[in-house]
Amino acid sequence: DVKVTQSSRYLVKRTGEKVFLECVQDMDHENMFWYRQDPGLGLRLIYFSYDVKMKEKGDIPEGYSVSREKKERFSLILESASTNQTSMYLCASSSGQGMEDTQYFGPGTRLTVL
Amino acid sequence: QQQVKQSPQSLIVQKGGISIINCAYENTAFDYFPWYQQFPGKGPALLIAIRPDVSEKKEGRFTISFNKSAKQFSLHIMDSQPGDSATYFCAAKAGGWGYQKVTFGIGTKLQVIP
């Protein structure tokens, strides 16, 4: 079974802090994704990576950056957290093989910025 | 701008009833349409998916109906059970190989009452 793990289930940070969210997958997947989930807005793509050290902006990259130094690990960085970044953050991975490639999600990190 | 429009946002169905969730899209480049199911405290997981060359796909109590000309698709849950209570996301994917970005709807929170 594919396993995607996220470093924290709950996180509370203060405005202006630098925040790191870590994601690890164990299936040697090429692609990794970061989404944020907000009520009434669904899942919105922040960034994705299709190879080590490669990244592409998603739909809402402002205020975020990412790092992928190893194939299995994809980090989301909030350089200076703000209250409007309070949200559920979901990491996903996929093999990148074929149209019917499935995204596998981690359990999410609920981030609160005070 | 919502590329995949999903309705309703919430749905309450009696046990044994039929749950219906509708989605519509504009981008004719979309050619794969997965549905994801998310239970509280968990990440979304693939439930069922369809290609546009098929008008219907059934897996157990779950059926996708697809209308290519109308650019609409829907999920039907027959004999709905309390265990089906979850948030459901329709999604669409364009392109073939590579990073395979998925565009999600806003989600439908389904509650099945006994």
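What comes next concerns the included structure. Treat the numbers as computed from the prediction; the structure is a model and nothing was measured.

Focus on the overall build of chain B
A count of helical and extended segments in chain B gives 0 helices and 11 strands. In terms of overall size, chain B behaves like a compact globule, its C-alpha atoms giving a radius of gyration of 14 Å where 114 residues would be expected to give roughly 13 Å. Considering only C-alpha atoms, chain B reaches an extent of 40 × 30 × 25 Å along its principal axes. Per-residue burial for chain B yields a buried fraction of 45% across its 114 residues. Within chain B, contacts between residues separated by at least 24 positions form 54% of all contacts whose residues are at least 6 apart in sequence. Entry remark: accessible area of chain B is about 5,600 Å², with carbon and sulfur atoms responsible for 50%. Charge separation in chain B, taken as the distance between the mean sites of 12 positive and 7 negative side-chain charges, equals 6 Å.

Remarks on the state of the cysteines
Residue and element names in this part refer to chain B. Overall, the coordinates contain 2 disulfides over all chains when judged by the stated rule. Here C23 is linked by a disulfide to C90, with a sulfur-sulfur distance of 1.9 Å. The sign of the -100° torsion about the S-S bond sets the C23-C90 disulfide as left-handed. Of this pair, C23 sits in strand β3 (residues 19-25) while C90 sits in strand β9 (residues 86-94); the two residues are 67 residues apart in sequence, bridging distant segments of the chain. Overall, C23 belongs to the buried group, its relative accessible area being 3%.

Side note on the interface of chain A and chain B
Contacts between the two partners involve 25 residues from chain A and, on the opposite side, 25 residues from chain B. Across the chain A/chain B interface, buried area totals approximately 2,000 Å², and carbon plus sulfur atoms make up 56% of it. Sorting the residues of chain A by area buried against chain B places L43(A), M99(A) and E100(A) first, and these three jointly supply 29% of that buried surface. For the pair chain A and chain B, the interface holds 2 salt bridges. Between the two partners, chain A and chain B, sit 5 residue pairs in polar contact (both at pLDDT 80 or more). Going through the elements one at a time, β4 (31-38) and β5 (42-51) of chain A are the ones with two or more residues in the side of chain A that touches chain B. Of the residues forming the side of chain A that touches chain B, the biggest block, 5 residues, is contributed by β5(A).

Notes on the sheet that holds strand β8 (residues 72-77) of chain B
Residues and elements named next belong to chain B. Read across the sheet, 5 strands follow the order β1-β3-β8-β7-β6 without closing on themselves; strand pairing throughout is antiparallel. The open sheet has two free edges, formed respectively by β1 (4-7) and β6 (56-59), since each of these has just one partner strand. Averaged over neighbouring strand pairs, the angle between their axes works out to 15° when direction is ignored. With 4 bridges connecting them, β1 and β3 associate as antiparallel partners.

Each value, and the rule that gives it
Every residue gets a number counted from 1 within its own chain, in the order that chain's sequence is written. Labels are handed out in written order, letters beginning with A for the chains and numbers beginning with 1 for the ligands. Only residues with pLDDT of 70 or above have their local features reported here, since the model is predicted, and side-chain atom pairs are shown and tallied only from 80 upward, although totals for entire chains, interfaces and linings are computed over all residues. The side-chain figures draw on all heavy atoms in the structure; neither hydrogens nor water molecules are used. We count a stretch as a helix when DSSP gives it H or I for four or more residues in a row; a strand needs E for two or more, and each element gets its number in order from the N terminus. Radius of gyration means the value over C-alpha atoms here, while the globule rule gives 2.2 Å times the residue count to the 0.38 power. Burial classes: relative accessible area under 20% of the type maximum marks a residue as buried, over 50% as exposed, and values in between as partly exposed (1.4 Å probe, protein chains only). Pairs of residues are marked as contacts when any of their non-hydrogen atoms sit within 4.5 Å. The accessible surface values rely on the Shrake-Rupley method and a 1.4 Å probe; as for residues, cover is taken only from the protein chains in view. Positive charges are assigned to Lys and Arg, negative charges to Asp and Glu, while His and the chain termini are left out of the count. Where a charge lies is defined by one atom per residue type: Lys uses NZ, Arg uses CZ, Asp uses CG and Glu uses CD. We call a pair of cysteine sulfur atoms a disulfide whenever their separation is within 2.5 Å. Accessible area, probed at 1.4 Å, shrinks when two parts are joined; the buried area is that loss added up over both. Within this document, salt bridges are pairs made up of a side-chain nitrogen of Lys or Arg and a carboxyl oxygen of Asp or Glu, the two lying within 4 Å of each other. Under this definition, polar contacts are N or O atom pairs within 3.5 Å; protein pairs additionally need one hydrogen-donor-capable and one acceptor-capable atom, and for neighbouring residues in sequence, both atoms have to be side-chain atoms. Pairing between two strands is assigned when DSSP locates at least 2 bridges connecting them. Interaxial angles span 0 to 180 degrees and are taken between N-to-C directions of axes, which are lines fitted to C-alpha atoms, for helices over the stretch in contact.

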